[in-house]
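# Descriptive structure summary
Chain by chain, the residues:
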Amino acid sequence: MTTPDITARRAVGACAALMVGALTLTACGGNANASNSGGKDSPKTSTAKIAISAKDGATDASINATGVKVSDGRLTDVKMTVAGSGQTVPGAISTDGHSWKPKQQLERGTKYQIAAAAKDADGRPAAANAIFTTVSSANSFIGTYTPDNGSTVGVGMPVSFTFDKSITDKKAVQSHITVNSSSGQQVVGHWFGDRRLDFRPQEYWKAGSKVTMNIDLDGVQGAQGVYGVQKKTVSFTVGRSQVSTVDVNTETMTVVRDGQTLKTVPISAGSPQHTTYNGQMVISEKFTQTRMNGSTVGFGGEYDIPDVPHAMRLTTSGTFIHGNYWYSRGNPPFGRQGTSHGCVGLADVQGAQGDTPAKWFFDNSLVGDVVIVKNSPDSTVSPDNGLNGWNMSWSAWTAGSAA
């Protein structure tokens, strides 16, 4: 998962005297759009006009779009600093001299100051300055999203956003996130509550397709007095198609890749007391080894295993498909009976180093691959329990769209 780089800051107001390098600014609060003084028809007046995107005195400036532009001239110097500390904010003037922008995204809730200088075609100088504060954490929202930019995922991987604040204007937010696939599949968003928004096509992604999401939330009002700060493009690749089906009746799992069966693997599903969910589940995380403690998922002290090998998450509530090395060697359950607390277990060895069925499946799986469980006495997994929206009909899915 990817979380944008952000921090909190405060707004302050301001009459100030600012000296940055060779530029001396003495105006009260500055001027974000200024040229050299002089009468309209004065030959000494520069025709260069500097525009700083963040207005002087603003308390809600963008962390993405702040920059400097000039018309009828070229920028000669731009200094941006963090007000108070004087820390320099790196930036660069464009090759044509018409614009300047920071090299990195600004921080939220931080007071900055900009001093810019330019010259027109006749060499006459112009200057502008501004003191402003970027939007605060309290007045902005961000979305943590998956999958990551540049990743390769399985055909079941949805695009999923989790927002750090409740969204009341869902239409505005959803309409500023677009997801498109090179396969041409229609992609629709669905809201789970007021903080989670997932996107998927009607059927699994086409193998080999490229999916691009454009996030244009900077300045978008998501709730009263709360605005987005993200603006970026993210793309990922869909790998080969792999769908594995666990049949609880036979305690086996059949792995199918690109329409061809790779292998049928004996497994041990949930016990009669702790059954495994039915339904289409998507691998959301992979761990070579991880700790599994029953107390974290409502089982008290029934188990606490610090080194479960080859574990892949299927639900938020704690369903995994993983290796099992603690089974009775004299009475292996794989292919015979369900003995787990709801997970799907495969034969493995401690340390995750052996040539085992669990290691083979782990090595041959991607985040985003689909694992289908059928014939379990349990219910179908909830669509929002993990990345499992495929358990919802297309009509129900589209009904949850705000766009």
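Reading the values: rules and limits
Residue positions are given per chain, counted from 1 along the sequence in the order it is written. This being a predicted model, a pLDDT of at least 70 is required before a residue's local features are given, and a value of 80 or more before pairs of side-chain atoms are given or counted; all residues contribute to the totals for chains, interfaces and linings. Side-chain descriptors were evaluated using all non-hydrogen atoms of the structure, hydrogens and water having been removed beforehand. Only DSSP runs of H or I reaching four residues or more are called helices, and only runs of E reaching two or more are called strands; each is numbered from the N terminus. Working rule for contacts: check all heavy atoms of both residues, and any pair within 4.5 Å makes them a contact. In short, Shrake-Rupley with a 1.4 Å probe defines the accessible areas, and a residue's cover is counted only from the protein chains shown. Working definition: a ring pair exists when centres of Phe, Tyr or Trp rings (six-membered ring for Trp) sit within 6.5 Å. Plane angles under 30 degrees give stacked, over 60 give edge-to-face, the rest tilted. Each residue is placed in one exposure class: buried if its accessible area under a 1.4 Å probe, protein chains only, is under 20% of its type's maximum, exposed if it is over 50%, and partly exposed if it falls in between. Lysine and arginine charges are scored as sitting over a ring when NZ or CZ, respectively, is within 6 Å of the ring centre and within 35 degrees of the ring normal. Between any two strands, at least two bridges found by DSSP are needed for them to pair. To get an axis, a line is fitted to the C-alpha atoms, and for a helix only the part in contact is used. The angle between two axes follows their N-to-C directions and goes from 0 to 180 degrees. Here, a salt bridge means any Lys or Arg side-chain nitrogen found within 4 Å of an Asp or Glu carboxyl oxygen. By nonpolar core we mean a set of buried residues, namely Ala, Val, Leu, Ile, Met, Phe, Trp, Tyr and Cys, connected to one another through side-chain atoms within 4.5 Å.

## Some thoughts on the overall build of the protein chain
For the protein chain, the helix and strand inventory stands at three helices and 31 strands. Long-range pairs, those at least 24 residues apart, make up 65% of the contacts in the protein chain between residues at least 6 apart in sequence. Just so you have it, the protein chain exposes about 18,200 Å², and 49% of that area is on carbon and sulfur atoms.

## A look at the packing of aromatic side chains
Counting across every chain of the model gives 11 aromatic pairs. With a centroid separation of 5.9 Å and 70° between ring planes, the pair formed by Phe192 and Trp397 is classed as edge-to-face. Residue Phe192 is located in strand 17 (residues 187-192), and its partner Trp397 is located in helix 3 (residues 394-399); the two are separated by 205 residues in the primary sequence. Residue class for Phe192 comes out buried when judged on its relative accessible area of 14%. Using a relative accessible area of 1% as the deciding quantity, one classes Trp397 as buried. With a centroid separation of 6.3 Å and an interplanar angle of 85°, the aromatic rings of Trp205 and Phe236 are classed as edge-to-face. You can see Trp205 sitting in the loop between strand 18 (196-201) and strand 19 (210-216) and its partner Phe236 sitting in strand 22 (residues 231-238), a full 31 residues away along the chain. Of the two residues, Trp205 and Phe236, neither departs from the other in class, the shared state being buried. Clustering of aromatic rings is evident, with ring pairs tying together Phe141, Tyr145, Phe161, Phe163, Trp191 and Phe199. Between the NZ or CZ atom of Lys286 and the centre of the ring of Phe362, over which it lies, the distance is 4.3 Å.

## Remarks on the sheet that holds strand 17
Read from one edge to the other, the open sheet built from four strands follows the order 13-15-18-17, with strand pairing classed as antiparallel. A strand with exactly one partner marks an edge of an open sheet, and here the two such strands are strand 13 (143-146) and strand 17. Adjacent strand axes in the sheet meet at a mean angle of 20° when their direction is disregarded.

## As for the sheet that holds strand 16 (residues 177-181)
Spatial strand order, 14-22-19-16: four strands in an open sheet with mixed pairing. Both outer strands of the open sheet, strand 14 (152-153) and strand 16, are each paired with one neighbouring strand and no more. Across two bridges, the pairing between strand 14 and strand 22 is parallel. What sits directly across from Val153, in strand 22, is Val238.

## Notes on the pairing of strand 19
The side-chain alternation of strand 19 yields one buried face, formed by Val211, Met213 and Ile215, and one unburied face, formed by Lys210, Thr212, Asn214 and Asp216. Strand direction decides the pairing type here: strand 16 and strand 19, joined by five bridges, are antiparallel. Residue Ser181 lies in a different strand from strand 19, and its bridge partner there is Val211. Alignment of strand 19 against strand 22, held across seven bridges, turns out to be antiparallel. Bridging across to strand 22, Ile215 finds its partner in Lys232.

## Thoughts on the pattern of salt bridges
Enumeration over the complete set of coordinates arrives at eight salt bridges. Between Arg124 and Asp120 there is a salt bridge whose closest N-O contact spans 2.9 Å. Here the residues in one salt-bridge network are Asp120, Asp122 and Arg124, joined through shared partners.

## Topic: the nonpolar core
Core analysis: the biggest nonpolar cluster contains 29 residues, and Phe161, Phe163, Val173, Ile177, Val179 and Phe199 have the highest contact counts within it. For this core, the secondary structure elements donating two or more residues are strand 15 (159-163), strand 16, strand 17, strand 18, strand 19 and strand 22. Filtering out sequence-adjacent residues up to four positions away, Val173 remains in contact with Phe141, Phe163, Ile167, Trp191, Leu217, Val220 and Gly222. Val68, Val70, Met80 and Ala116 belong to the second largest nonpolar core, which has 27 residues in total.

## Quick word on the pairing of strand 24 (residues 252-257)
Relative to strand 24, strand 23 (residues 242-247) runs antiparallel, the two being bridged by six bridges. By the bridge assignment for strand 24, Val243 is matched with Val256. Here strand 23 folds back onto strand 24, and the loop between the two strands holds four residues, one of which, Glu251, carries a positive phi near 55°. As paired strands, strand 24 and strand 25 (residues 260-266) are joined by six bridges and run antiparallel to one another. Bridging from a neighbouring strand, Val256 pairs with Thr261 of strand 25. In this structure, the hairpin formed by strand 24 and strand 25 is closed by a connection of two residues, where Asp258 is found at a positive phi of approximately 50°.

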